[in-house]
Amino acid sequence: MKSTLRIAALAACFAAGTAAAQAPQGVSATEIVLGSHLDLTGPTAAGMEWLRTGMMMKVDEINDRGGIHGRKIRVIVEDNGFNPAKAVRAVEKLVGSDKVFAIVNSFGTTPTIAAYGKAIEAGVPHLFPWSGVSGPFHKEKSPLSYTFVVNYDWGTAAGVNWAIKTLKPTKIGVLYQDDPFGQLVLKGVSDAVKANNATVAATATFKPTEVDLSAQLASLKNAGVDLVVLGTIVRQTVTAYTGSRQMGWNVNMITSIPGRNQTILAIAASTKASLDGLYGISQWRIHDKDTDLASAKAWVAAYEAKFKKPATMEAMVAYAVMEWTALALEAAGKDITVEKFTKALRDIKYADKFGNPQQSLAEGNHAQPQSVAVDQIKGGKWVKISDWITEIK
C-alpha cells in the first residue's frame, strides 16, 4: 500500500514538474506578468503618465472581469530615461529577474532599438514599441518581434507630399533629432521632395537632450525656407514652434508623427504659449469628451472618471495595444505557449474603438496597412484637415 502511495506521489510530482517546465516564463496558475519600459525621468517624461495609465486601464478592466483564462495580468514598468544603456538594463531586469512573459508598449526609438534584442535572446516576445523605425526590429526576421507605428520615413513622406501640394512652399528646411528617428524623418522629406521634383534647401540637427534650438532656427531662417519639417517629439516641438514666433519668423511648420501629440498642447497651455497653426502628421485620431464617436466618447468618460485627468491620444493608443495583446493572450488558450501567442497575434485583424483603420500583423510582423492624415492646431486643439493618406502620389 505504502509503495503504491509513493509511486502515485512521485507520478503527481513528475506531472506537476512537467507542466511547470512547459509553462513559459511569466505565466503561472494565477497570473501573466508583462513588462514595459518608459521614459519616466528623461526628455519625454511629460507624456509617459498617459502611456502608463492607458495601458493600466485595459489591464484593470481585464482583471476586474477575472483575468484571462483565470489569470490576472500584472505589468512591471521600468524607467529607461530615454537612454539606450538604461533601457538595456531595464529589459535585462524584466526578462532575467522579473521573468516577464512579454515586453509591451515600451517607449522611444533609440532606447527600444538598443534593448529589444535582450528580450529576443531570452525568447521573450517584444511587442508594440513606440518607434516608427521598424527595420531594426525585423532585421533578424524574429517571430518574437512586432511593431505597429507607421514607419517614420513613409509617414513623413506622405505628410510632406500633402504639404508640398497644399501649402506650395518654395524652399523646404528640416529640423531633426540626431538619431535613427531623425534620420528617417530626413529620408521621408527627401522622398517627398524627389517625388515633386524639388530639393531640401537646408537642414539642422539637435541632440535629444537639447532644449535651446535658437541657433538651428536662425540657420533655417537665414536659408530662406518657407516650410520647416520637424523631426521632433515633445519639448523640442514646442520650442521650435514658439521659438520661431518669438524671433518674428511665422514660417509654416509640420511635425512628424511623434511630435503630433497632446502632450505638447498641455505644455503650451501651462506656459500660456500658442501652438495654433502648427501642422502635424498623424497616425491615430484624437478624441475628447465632445467627440461624436460613441465608443470613444464612452471610453474618454470612463478614463477621466478613473484617473481624474483629461484623456489623450497617447492613453488611447496604449490602451489599444494592450487590448490587442490581451486578445492574443485569450486566443492562445489556457495552455498558452509563446508559439500559440505569437500565432494568435498574426491571425488577429484588430480594430480599436477610436475609429482608426483596422490593422493586421500578418505581413512581416508590422501593422498594415500604413495610413496617416494631416492635422492642424486650431484653438489649442488638433483638428484633422486631410483625408486618410495611404499612398504617395
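Reading guide: rules and limits
Residues numbered from 1 in each chain as written. Predicted model: local features only at pLDDT ≥ 70, side-chain atom pairs only at ≥ 80, totals over all residues. Heavy atoms only, no water. Helix = DSSP H or I, 4+ residues; strand = E, 2+ residues; numbered from the N terminus. Rg over C-alpha atoms; globule rule 2.2 N^0.38 Å. Contact = heavy atoms within 4.5 Å. Expected span 1.5 Å × (residues − 1). Buried < 20%, exposed > 50% of the residue type's maximum accessible area, 1.4 Å probe, protein only. Pairing = 2+ DSSP bridges. Axes fitted to C-alpha atoms, helices over the stretch in contact; angles between N-to-C directions. Polar contact = N/O pair within 3.5 Å; in protein donor to acceptor, adjacent residues only side chain to side chain.

Engineer: So, the overall build of the protein: which residues are in play, and what are the values?
Structural biologist: Along its length, the protein carries 13 helices and 14 strands. Here the C-alpha radius of gyration of the protein, 23 Å, is about what a compact globule of 393 residues would show, namely 21 Å. Taken along the three principal axes of its C-alpha coordinates, the protein extends 95 × 40 × 40 Å. Pairs at least 24 residues apart make up 71% of the contacts formed inside the protein by residues separated by at least 6 positions.

Engineer: Kindly report on helix H2 (residues 48-64), identifying the contributing residues and their values.
Structural biologist: For H2, with 17 residues, the first-to-last C-alpha span of 24 Å sits near the 24 Å given by 1.5 Å per residue. Counting buried residues along H2, twelve of its 17 residues qualify, which places the element largely inside the surrounding structure. For H2, the complete set of buried residues consists of Met48, Trp50, Leu51, Thr53, Gly54, Met55, Met56, Met57, Lys58, Val59, Ile62 and Asn63. Tucked inside the fold, the buried residues of H2 contact strand E1 (31-38), strand E2 (72-79), strand E3 (102-104), helix H10 (263-270), helix H11 (294-307) and helix H12 (313-331). Where H2 terminates, the next one or two residues include Gly66, which has phi positive at roughly 100 degrees.

Engineer: Could you give me a rundown of the sheet that holds E3, with the residues and numbers involved?
Structural biologist: If you walk across this open sheet you meet the five strands as E2-E1-E3-E4-E5, and the pairing is parallel. With partners counted over all chains shown, the strands left at the sheet margins are E2 and strand E5 (145-146), one partner each. Summarising the sheet, E3 and strand E4 (residues 126-127) pair through two bridges and their orientation is parallel. Note on E4: the bridge partner recorded for Val104 is Leu127. The strands that H2 touches are E1, E2 and E3; relative to E2, the one it contacts most, it runs at about 165 degrees.

Engineer: Requested: an account of the side chain of Asp79, with residues and values cited.
Structural biologist: Relative to the helices and strands, Asp79 resides in strand E2. In terms of polar contacts, Asp79 uses its side chain to reach the side chain of Thr41, at 2.7 Å. Engagement of the side chain of Asp79 in a polar contact is seen with the side chain of Lys86, the distance being 2.9 Å. In contact with Asp79, other than residues within four places in its own chain, are Leu38, Asp39, Leu40, Thr41, Lys86 and Ala90.

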